[in-house]
Amino acid sequence: MAYIEPAPIKDKENPLESMMSRFDEAARKLGITEEMYYILKVPYRQVTVGLPVMMDNGKIKVFEGYRVLHSNILGPSKGGIRFDPAVTLDEVKALAAWMTWKCAVVDIPYGGGKGGVACNPREMSVGELERLMRAYTVAMLDVFGPDKDIPAPDMGTSPREMAWLMDEYSKAKGMTVHAVVTGKPVVLGGSLGRVEATGRGVMVSALAGMEKLRINPYKATCAVQGFGNVGSHAARLLFERGVKIVAISDMTGGYYNEQGIDIEEAMRYVEKNNKSLEGYAGAEKISNEDLLTLPVDILVPAAKEDVITEENAHQIKAKLIVEGANGPTSATADPIINSKGILAVPDILANAGGVTVSYFEWVQNRLGYKWTQERIERRSDRIMKDAFDKVYQASLDYDVPMRIAAYIVAIDKVSQTYRFRGGY
Ligand code: GLU
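In this numbering scheme, every chain counts its residues from 1 along its sequence in written order. With pLDDT at 70 or above as the cut-off, local features in this predicted model cover only qualifying residues; side-chain atom pairs require 80 or more to be listed or tallied, and sums for whole chains, interfaces and linings still use all residues. Only hydrogens and water are removed before side-chain values are computed, so all heavy atoms of the structure are retained for them.

Let's shift gears to the overall build of the protein. For the purposes of this entry, the term helix denotes a DSSP run of H or I that reaches at least four residues, the term strand denotes a run of E that reaches at least two, and both are numbered from the N terminus. Looking only at helices and strands, the protein features 14 helices and 12 strands. Put simply, the radius of gyration uses C-alpha atoms, and a globule should come to 2.2 Å times the residue count raised to 0.38. Here the C-alpha radius of gyration of the protein, 21 Å, is about what a compact globule of 424 residues would show, namely 22 Å. Note on exposure labels: buried denotes an accessible area under 20% of the residue type's maximum, exposed denotes more than 50%, and partly exposed covers the range between, all computed with a 1.4 Å probe on protein chains only. Classification of the 424 residues of the protein by burial places 59% in the buried group. Whether two residues touch is decided by their heavy atoms; if any such pair falls within 4.5 Å, the residues are in contact. Once local pairs closer than 6 in sequence are excluded, the contacts in the protein between residues at least 24 apart make up 68%. In these tables, accessible area is a Shrake-Rupley quantity obtained with a 1.4 Å probe, and a residue counts as shielded only by the protein chains included in the view. On the protein, roughly 17,400 Å² of surface is accessible, and the fraction owed to carbon and sulfur atoms is 52%. The distance from the centre of the 51 positive side-chain charges to the centre of the 54 negative ones in the protein is 5 Å. When charges are counted, neither His nor the chain ends are considered; positive counts come from Lys and Arg and negative counts from Asp and Glu. The atoms used to mark charge sites are NZ of Lys, CZ of Arg, CG of Asp and CD of Glu.

Structure follows, in structure tokens:
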């Protein structure tokens, strides 16, 4: 089909380019029409705002904020808000599209969206962060809504920020609106199991991948990059299932111990140590780059985008990669990973446990009811395992790697839904 030429990768490390090249490949395999290609490609709404915020020093600083709504074909758009100095509109566009595919892969009734504010939350006080989040919420009042667009936490934000968002939105509407945002604190209508949900989904995906490769978890070794909300819980849950976690890392670098790291102890250390692994004893200090090429069975990149690139992909020794982060593998690294026979469970499948439990939170808010942790875990584990099996089967049917298979499953679902809904 002439209309979908493989996208030339202009900037190798641009997540939007990476996302689009996989989308193009899957669209080609699936043979979708030209009209459908553009319907699925172009975000339906992009909002950019300037947010003047009073800083603690009495000066006003203006932050740039974004919200990109990629698709509302399956339902209201869903996706987190990222606070990070490197946030750009292009990055948010890629992340929004990834949310569309992610929700479709796990078969929940949402489209995809994403928000971001270019700021450094590590250098801001709690008061500054609160004013910024409230300003962002007010700027997005006509974007957000429980039936329109439902934000959640992402890098640099947490349940605390979601509470401010929910409060500000509720004030503006003159009533309490729990379902406008997910990932809230549990006392404020948050769901049990939401905090560890993404890590739990990574664990379920890793176990499913190990089963396919006939790797015994009790004999397996694993390196986890990133010790934030996703990486720490993924490491802990794999550790509880017998996997030896030999390396972990955060912004301060990597920590390697061939004998295995006690993840619960490391989590307690981070809690006491200002949320950082700095100074963690009982492990050798390595770099974040070195961690990626360690001789392990499983590699879990759970930090940020484009860490596995054409430069380091050749040196990866893991047999299984489970992507906890969004977009940790750049598109140029894909052929190298595939030629080495590594099974890569892609982000839009492996880290979909978070948005799955976000969906449960939204359902509970709308029911005005609370589910038990046990019910949430049972249901989200089933959804993750079913999605894994479906994507694995598609990879066999279409003879493609799991990443392209996940896009095929997602694009097929969204395009079929669009055909029933119709357009102008
Ligand atoms: N930020 C998370 C993600 O990238 C969660 C999104 C959500 O729960 O809506 O999947």
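Tracing the sequence through the fold places valine 177 in the loop between helix H5 (159-173) and helix H6 (197-213). Here valine 177 is in contact with Pro146, Met166, Tyr169 and Ser170, once residues within four sequence places are set aside.

With that settled, consider the sheet that holds strand S2 (residues 60-71). Should DSSP find at least two bridges between two strands, the strands are regarded as paired. Read across the open sheet, the 5 strands follow the order S1-S2-S4-S3-S5; overall the sheet is mixed. The open sheet has two free edges, formed respectively by strand S1 (45-54) and strand S5 (149-153), since each of these has just one partner strand. Geometrically, the sheet is characterised by an average inter-axis angle of 25° between neighbouring strands, direction not taken into account. Looking at chain direction, strand S3 (residues 77-84) and strand S4 (residues 111-118) are connected through 6 bridges and run parallel. Bridge assignment links arginine 82 to a residue of S4, and that residue is glycine 116. The axes used here are C-alpha line fits, helices contributing only the stretch in contact, and every angle between their N-to-C directions lies in the interval 0 to 180 degrees.

On to the pattern of salt bridges. A pair is scored as a salt bridge if a Lys or Arg side-chain nitrogen falls within 4 Å of a carboxyl oxygen belonging to Asp or Glu. All told, the structure shown has 30 salt bridges when counted by the stated rule. One salt bridge connects arginine 134 with glutamate 168, and the closest N-O pair in it is separated by 2.8 Å. Placement of the pair is arginine 134 in helix H4 (residues 126-139) and glutamate 168 in helix H5, with a sequence separation of 34 residues. Each member of the pair arginine 134 and glutamate 168 is classed as buried. Ionic pairing is found between glutamate 361 and lysine 184, a salt bridge with its closest N-O pair at 2.8 Å. Within this pair, whereas glutamate 361 is found in helix H12 (residues 353-367), its partner lysine 184 is found in the loop between H5 and H6, the two being separated by 177 residues in sequence. Here glutamate 361 and lysine 184 have matching classes, each one buried. Residues joined by salt bridges that share partners form a network here, namely Arg22, Glu323, Asp334, Asp347 and Arg403.

Looking now at the packing of aromatic side chains. Each aromatic pair joins two rings of Phe, Tyr and Trp (for Trp, the six-membered one) with centres within 6.5 Å, and gets the label stacked for planes under 30 degrees apart, edge-to-face for over 60, and tilted for any other angle. Using the criterion set out here, one finds 12 aromatic pairs in the structure. An angle of 90° between the planes, with centres 5.7 Å apart, marks the rings of tyrosine 110 and tyrosine 359 as edge-to-face. Taken together, the residues span a long stretch of sequence, with tyrosine 110 in the loop between helix H3 (89-105) and S4 and tyrosine 359 in helix H12 at a distance of 249 residues. Ring centres of tyrosine 136 and phenylalanine 144 lie 6.1 Å apart, and the angle between their planes is 55°; this geometry places the pair in the tilted category. Judged on exposure class, the residue tyrosine 136 and its partner phenylalanine 144 are both buried. Three or more aromatic residues joined by ring pairs form one cluster here, namely Tyr110, Tyr359, Phe360, Trp362 and Trp371. In this scheme, Lys NZ or Arg CZ marks a charge over a ring once it lies within 6 Å of the ring centre and within 35 degrees of the ring normal. In this arrangement the basic side chain of lysine 212 is found over the ring face of tyrosine 392, its NZ or CZ atom lying 4.4 Å from the centre. Here the guanidinium or amino end of arginine 379 rests over the ring plane of tryptophan 371, the centre of that ring lying 4.8 Å away.

Turning our eyes to something else, we now look at unusual backbone geometry. The backbone of lysine 275 shows a phi angle near 65°, a positive value even though the residue is not glycine. On the secondary structure map, lysine 275 appears in the loop between helix H8 (263-272) and strand S9 (284-286). With a relative accessible area of 58%, lysine 275 lands in the exposed category. Its identity as a non-glycine residue notwithstanding, aspartate 306 has a phi of 50°, on the positive side.

Relative orientation of the contacting elements helix H2 (residues 34-41) and helix H14 (residues 402-421) amounts to 105°, with a least axis distance of 11 Å. In terms of orientation, H2 lies roughly perpendicular with respect to H14. Listed contacts from H14 to Met36, Ile39 and Leu40 of H2 are Ile411, Val414, Ser415, Tyr418 and Arg419. Any residue that is not Ala, Val, Leu, Ile, Met, Phe, Trp, Tyr, Cys, Pro, Asp, Glu, Lys or Arg is counted as polar, Gly included; the first ten are nonpolar and the last four charged. A breakdown of the residues in the contact of H2 with H14 according to their chemical character gives 6 nonpolar, 1 polar and 1 charged. Roughly parallel covers angles under 35 degrees, roughly antiparallel covers those over 145, roughly perpendicular covers 65 to 115, and oblique covers all other angles.

Whether a residue is near a molecule or strand depends on its heavy atoms: it is near if one of them lies within 4 Å of it. Taken together, 14 residues form the shell around the ligand, and within it Lys78, Lys102, Pro153, Asp154 and Ser358 come nearest. Contact between the ligand and aspartate 154: a nitrogen atom at 2.8 Å from a side-chain N or O atom of the residue. Note that an oxygen atom of the ligand is positioned 2.6 Å from one of the side-chain N or O atoms of serine 358. Here the ligand loses 95% of its free accessible area of 290 Å² to cover by the protein chains. Contributions of two or more residues to the shell around the ligand are made by S3, H3, S5 and H12. Residues that form the shell around the ligand fall into these classes: 4 nonpolar, 5 polar and 5 charged. As used in this structure description, the phrase polar contact means that two N or O atoms lie within 3.5 Å; if the pair is within protein, one of them must be able to donate a hydrogen and the other to accept it, and residues adjacent in sequence are counted only when both atoms belong to side chains.

Let us look at the pairing of strand S8 (residues 253-256). Bridging between strand S7 (residues 244-250) and S8 involves 4 bridges; their strand directions are antiparallel. Paired with alanine 247 across the bridge in S8 is tyrosine 256. Counting the residues that bridge the hairpin from S7 to S8 gives 2 residues. Pairing of S8 with S9, which is carried by 3 bridges, proceeds in the antiparallel orientation.

Among the buried residues, those of types Ala, Val, Leu, Ile, Met, Phe, Trp, Tyr and Cys that are joined through side-chain atoms within 4.5 Å form a nonpolar core. By size, the foremost hydrophobic cluster in this structure holds 89 residues, and its most contacted members are Met19 and Trp101. For this core, the element with the most residues is H14, which contributes 10 residues. Discounting chain neighbours no more than four positions away, the residues touching tryptophan 101 are Met19, Phe23, Leu40, His70, Ile348, Tyr407, Ala410, Ile411 and Val414. Formed by 27 residues, the second largest nonpolar core is a distinct cluster that contains Phe83, Val117, Cys119 and Trp164.

With that out of the way, let us pick up the pairing of S7. Two faces belong to every sheet, and in a regular strand the side chains alternate between them. Where burial is concerned, most of S7 is hidden: 6 out of the 7 residues are buried. Here, the term right-handed applies to a crossover whose path from the first strand over the helix to the second runs clockwise when the strands point away from the viewer. For the crossover that starts at strand S6 (residues 221-225), traverses helix H7 (residues 229-240) and ends in the parallel S7, the hand is right-handed.

So far we have only geometry, and geometry alone does not tell us how the molecule works.
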